[in-house]
Amino acid sequence: MIRYDLALIGFGGVNRALAELIAERGDGLAAELGFALRVVAITDLRAGSLVRTEGAGIDLAPLLATAPGELDFSGLDGGSPEPRNEWVIRDVPADIVAEATFTNPVDGEPALSHVRWALEAGKSVCTTNKGPVALAGRALKRLAAERGAAFEFEGAVLSGTPVLRTAERMFDGLRISGVEGIMNGTSNYILGRLEAGLGLADAVREAQLLGYAEADPTADIEGHDVRLKVMIMANEVLGADLRQEDVSCEGITAIGARDIEEAAAAGLRWKLVGSAVRRPDGTVAARVAPAALPADHPLAGISGATNAVAFHTDLLGTVTVSGPGAGRTETAYALLSDIIAIHRRHLTGAETAPVRRTREETVRG
Ligand SMILES: NC(=O)C1=CN([C@@H]2O[C@H](COP(=O)(O)OP(=O)(O)OC[C@H]3O[C@@H](n4cnc5c(N)ncnc54)[C@H](OP(=O)(O)O)[C@@H]3O)[C@@H](O)[C@H]2O)C=CC1
Ligand SMILES: N[C@@H](CC=O)C(=O)O
């Protein structure tokens, strides 16, 4: 039985849910997929770091039985009050680093360094963190390929809904002229709650409790989170090389109760739409903006934390992928799907990280 040793960086909603999946379903997954998972290191800003590379690795059950805010690794065997991220990532023997600290939409740090340290050490990375992928995806994929490691990030766009792998694997032979979608669970959930008569602050609090919101929910409601996701979609699917300044960005904070009422009276629903479209000259135009959509628009019926991305293709017309766009367990599944992808590449003997194919020549938008 192949075994992969994991280091979890950040032990908040998503990596904790991954630990739960491993604790609850590890044996079943091993029987079904042919590999076992052992967690050998965990770091977290508040809890510190915990390393156990002997025997069964870290015993997850007592950690999962402790309330998130009360976890403290310092008194445990192999524990320290400091996160010790760089040492853990570079020096503790592990096969895969699962990066799930907060997304920093400005410069991607500290997650960008976490990913870079892991790849430099030849360790594969799976991450749900949008910062490193949107802001330095190309360089990190190159580094992964140089070091014979994998860099997987399915959860960085639509949580556990496999929108990137669908585009990468299922659209062979198609030309994709653009993508547009609802790519933020929190803002879509909030818009639904505003339609139900709730105020913005209460709706944000609900989204936080449900585990949908970013550590700083400003990123959700001001559109910065969608901007990163649009960049990832444009760069991965349309072969662009967009930077933040290439993507105009407006969130949902200017939408008031009156706008919601007027839209409803006209049979419209407000949605936060991210889009990237190939221009006739081959460059890519991308934006994030709210739109009042008519009931028959494919994105108008997407409610709650559900998200959807519509791909505009030449031979199939519009193909829409829809599913959860946020949620702790849903996003932990994205990390599991990345680990499965790393395992499959390992089985086929692929030596280098997958460089996603682009549909056409890369042209900066
Ligand atoms: N939740 C979701 O639905 C989705 C989340 N994502 C992304 O996944 C990532 C994780 O999300 P989620 O688990 O919900 O977020 P959380 O805020 O629940 O967890 C992040 C954890 O990382 C810790 N942390 C922050 N900085 C560091 C650091 N430098 N070193 C070690 N630990 C650190 C935080 O500690 P502290 O709390 O003390 O700051 C927290 O425990 C984010 O990047 C998010 O954007 C992607 C798709 C969906
Ligand atoms: N805060 C984000 C989480 C996933 O990326 C969202 O609500 O979509």
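Residue positions within a chain follow its written sequence, with the count starting from 1. Chains and ligands are labelled by the order in which they are written, letters from A for the one and numbers from 1 for the other. Per-residue local features are limited, in this predicted model, to residues with pLDDT of at least 70; the limit for side-chain atom pairs, both in listing and counting, is 80 or more; totals at the level of whole chains, interfaces and linings are taken over all residues.

The chain carries the name Homoserine dehydrogenase in an unreviewed UniProt entry, which gives Streptomyces paludis as its organism. UniProt positions are given in the numbering used here, feature names are shortened, and annotations may be inferred rather than shown by experiment. The Cofactor (unreviewed entry) field of the UniProt record for the chain holds the comment "a metal cation".

Student: Explain the site of ligand 1 to me, and be specific about the residues and the numbers.
Tutor: Taken together, the neighbourhood of ligand 1 is formed by 30 residues, with Gly10, Gly12, Val14, Thr103 and Ala326 sitting nearest. Amino acids outside the nonpolar list (Ala, Val, Leu, Ile, Met, Phe, Trp, Tyr, Cys, Pro) and the charged list (Asp, Glu, Lys, Arg) are all regarded as polar, and Gly is one of them. Here the shell around ligand 1 is composed, by residue class, of 11 nonpolar, 14 polar and 5 charged. Both domain 1 (2–161 + 329–347) and domain 2 (172–324) contribute no fewer than three residues apiece to the shell around ligand 1. Whether a residue is near a molecule or strand depends on its C-beta atom, generated from backbone atoms, being within 6 Å of that molecule or strand. Segmentation into domains, and thus their bounds, comes from an automatic or database assignment.

Student: Give a description of the domain arrangement of the chain that names residues and reports values.
Tutor: Split into domains, the chain comes out as domain 1 (2–161 + 329–347) and domain 2 (172–324). Centre-to-centre separation of domain 1 and domain 2, based on C-alpha positions: 28 Å. Each side of the interface is counted separately: domain 1 has 17 residues, and domain 2 has 20 residues. Think of it this way: any DSSP run of H or I at least four residues long counts as a helix, any run of E at least two long counts as a strand, and we number them from the N terminus. For the side of domain 1 that touches domain 2, the elements supplying multiple residues, two or more each, are α5 (130–147) and α6 (155–158). At 6 residues, α5 tops the list of elements feeding residues into the side of domain 1 that touches domain 2. The class makeup of the residues in the side of domain 1 that touches domain 2 is 7 nonpolar, 7 polar and 3 charged. Contact between two residues is assigned whenever their backbone-derived C-beta positions fall within 7 Å.

Student: Can you lay out the UniProt feature "binding site: NADPH" (unreviewed entry) in the chain for me, pointing to particular residues and giving the numbers?
Tutor: This chain's UniProt record puts "binding site: NADPH" (unreviewed entry) on Lys130. Turning to its location among the elements, Lys130 is positioned in helix α5. Among residues more than four places away in sequence, those in contact with Lys130 are Thr103, Ala156, Asp225, Leu228, Lys229 and Ile232.

Student: Got a sec to walk through the sheet that holds strand β12 (residues 306–313)? Specific residues and values, please.
Tutor: An order of β9-β11-β10-β8-β12-β13 is seen for the 6 strands of this open sheet, with the pairing classed as mixed. Among the strands making up the open sheet, the edge pair consists of β9 (247–249) and β13 (317–324). Neighbouring strand axes in the sheet, compared pairwise and without regard to direction, differ in orientation by 25 degrees on average. Strands are treated as partners if at least two bridges between them are detected by DSSP. Here strand β8 (residues 176–182) runs beside β12; their pairing, made up of 6 bridges, is antiparallel. Axes here mean lines fitted to C-alpha atoms, for a helix over just the part in contact, with angles spanning 0 to 180 degrees between N-to-C directions.

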